Amino acid sequence: MSKLFIISGPSGAGKGTLVNMIMKNFNDIFLSISMTTRQPRPGEQEGINYYYISVDEFKNRISQDKMLEYAEYCGTYYGTPREPAENALSNGNSMILEIEVEGMRQVKAKMPDAVTIFIAPPSIDDLARRIKKRNPDELDSVIEKRINRAKAEMEFTSEYDHIVVNDDLDEAYNELAALIADYIKE
Ligand code: 5GP
């Protein structure tokens, strides 16, 4: 059965890695490629990690109702383009949105059947270490913002249908994959 999965979790909790593992192993699930106004990180690619657009373009798309949801996160816009997500679902495919909590709330309000999953780090200290390691070129002020935002996001876990703690990657993957498999077999 086609399902919309929303996967959230603080930056650095490993949700990107887990989602990539899901995409490799589930052929019939599509991943929504978000749009963002931030700069690509080294190794990121247009159309694969994100569509990188200007703030003006982003605002235009909002005013034309071309975003299924969007949020401002640490001074940058992120959003889900409406068309690919709606097409996938109307064609009977399942889709994953990897988005933060504001976006999750917007989608859940429009599509209450969406399944929401929060990927949590084992601890805040562990998360702060991962955030610093993964963004060595980012300004300390931005890293600080990301760590504070991550702490704040941990308060929202109760709004999600499921929480997967990513302490051991393989265990977290097995838990997430079992959950998803269960929903799409319904
Ligand atoms: P990053 O800059 O680390 O790639 O992403 C920062 C945050 O933005 C992450 O929590 C990520 O899940 C979230 N994010 C990425 N794409 C979207 C989107 O399309 N919509 C929303 N609401 N959040 C997004």
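Structure first, text after, so check above.
The shown structure was predicted, so the numbers you read here are calculated from the model rather than taken from an experiment.

A word on unusual backbone geometry
(1) Moving on: Phi is positive for D65, close to 60 degrees, though the residue is something other than glycine.
(2) Moving on: For D65, the location among the structural elements is in the loop between α2 (55–63) and β5 (67–73).
(3) Moving on: We note that C74 has phi near 50 degrees; this positive angle belongs to a residue other than glycine.
(4) Moving on: According to the relative accessible area criterion, C74 is buried, its value standing at 18%.

Examining the sheet that holds strand β3 (residues 35–36)
(1) Moving on: Taking strand neighbours across the sheet as the criterion, the 4 strands line up as β4-β3-β6-β5 in an open arrangement whose pairing is mixed. Where the open sheet ends on each side, the last strands, each with one partner, are β4 (51–52) and β5.
(2) Moving on: In this sheet, strand β6 (residues 76–81) lies alongside β5 in antiparallel orientation, the contact comprising 6 bridges. Bridge pairing links E72 to Y77 in β6.
(3) Moving on: Sheet strands touched by helix α3 (residues 82–90): β5 and β6. Its angle to β6, the strand with the most contacts, is close to 30 degrees.

Points about the sheet that holds strand β1 (residues 4–8)
Remark on secondary structure: sheet strands pair via backbone hydrogen bonds, oriented parallel or antiparallel.
(1) Moving on: Strand order in the open sheet formed by 5 strands is β2-β7-β1-β8-β9, and the pairing between neighbours is parallel. In the strand order of this sheet, the two ends are held by β2 (29–31) and β9 (162–165), each with one partner. Within this sheet the neighbouring strands show an average axis-to-axis angle of 25 degrees, counted without direction.
(2) Moving on: Sheet topology places β2 next to strand β7 (residues 94–98); 3 bridges connect them, and they run parallel. The residue bridging L31 from the neighbouring strand is I96, located in β7.
(3) Moving on: Together, β1, β2, β7 and β8 (115–120) form the strand contacts of helix α1 (residues 15–25), whose direction differs from that of β7 by roughly 165 degrees.

With respect to the environment of G75
(1) Moving on: Turning to its location among the elements, G75 is positioned in the loop between β5 and β6.
(2) Moving on: When the C-alpha atoms of G75 and R38 are compared, they prove to be 8.8 Å apart, with 37 residues separating the residues in sequence.

What to know about the site of the ligand
(1) Moving on: By nearness alone, 19 residues border the ligand, and S34, Y50, E69, Y78 and E100 come closest of all.
(2) Moving on: Residue R38 places a side-chain N or O atom 2.7 Å away from an oxygen atom belonging to the ligand.
(3) Moving on: Within the side chain of Y50, a nitrogen or oxygen atom sits 2.5 Å from an oxygen atom of the ligand.
(4) Moving on: Against a free-state accessible area of 510 Å², the protein chains account for coverage of 97% of the ligand.
(5) Moving on: Among the detected pockets, the ligand sits in the largest pocket.
(6) Moving on: At the level of elements, β5 and β6 are the ones that each hand at least two residues to the shell around the ligand.
(7) Moving on: The residue inventory of the shell around the ligand, partitioned by class, reads 5 nonpolar, 6 polar and 8 charged.

Remarks on the packing of aromatic side chains
Any pair of aromatic rings gets described here by the distance separating the centres and the angle formed by the planes.
(1) Moving on: Inspection of every chain in the model, using the stated rule, returns 7 aromatic pairs.
(2) Moving on: Clustering of aromatic rings is evident, with ring pairs tying together Y50, Y52, Y73 and Y78.
(3) Moving on: Note that R105 overlies the ring of F156, its terminal NZ or CZ placed 4.7 Å from the centroid.

Thresholds, definitions, all that
- Residues numbered from 1 in each chain as written.
- Predicted model: local features only at pLDDT ≥ 70, side-chain atom pairs only at ≥ 80, totals over all residues.
- Heavy atoms only, no water.
- Helix = DSSP H or I, 4+ residues; strand = E, 2+ residues; numbered from the N terminus.
- Buried < 20%, exposed > 50% of the residue type's maximum accessible area, 1.4 Å probe, protein only.
- Pairing = 2+ DSSP bridges.
- Contact = heavy atoms within 4.5 Å.
- Axes fitted to C-alpha atoms, helices over the stretch in contact; angles between N-to-C directions.
- Near = heavy atom within 4 Å.
- Polar contact = N/O pair within 3.5 Å; in protein donor to acceptor, adjacent residues only side chain to side chain.
- Areas by Shrake-Rupley, 256 points an atom, 1.4 Å probe, with all protein chains shown as cover.
- 1 Å grid on protein atoms, 1.4 Å probe; cavity = no way out; pocket = protein on both sides within 12 Å on 5 of 7 lines; lining within 4 Å.
- Sits in = over half its atoms within 2 Å of the grid points.
- Nonpolar A, V, L, I, M, F, W, Y, C, P; charged D, E, K, R; others polar.
- Phe/Tyr/Trp six-rings, centres within 6.5 Å; stacked < 30°, edge-to-face > 60°.
- Lys NZ or Arg CZ within 6 Å of the ring centre and 35° of its normal.

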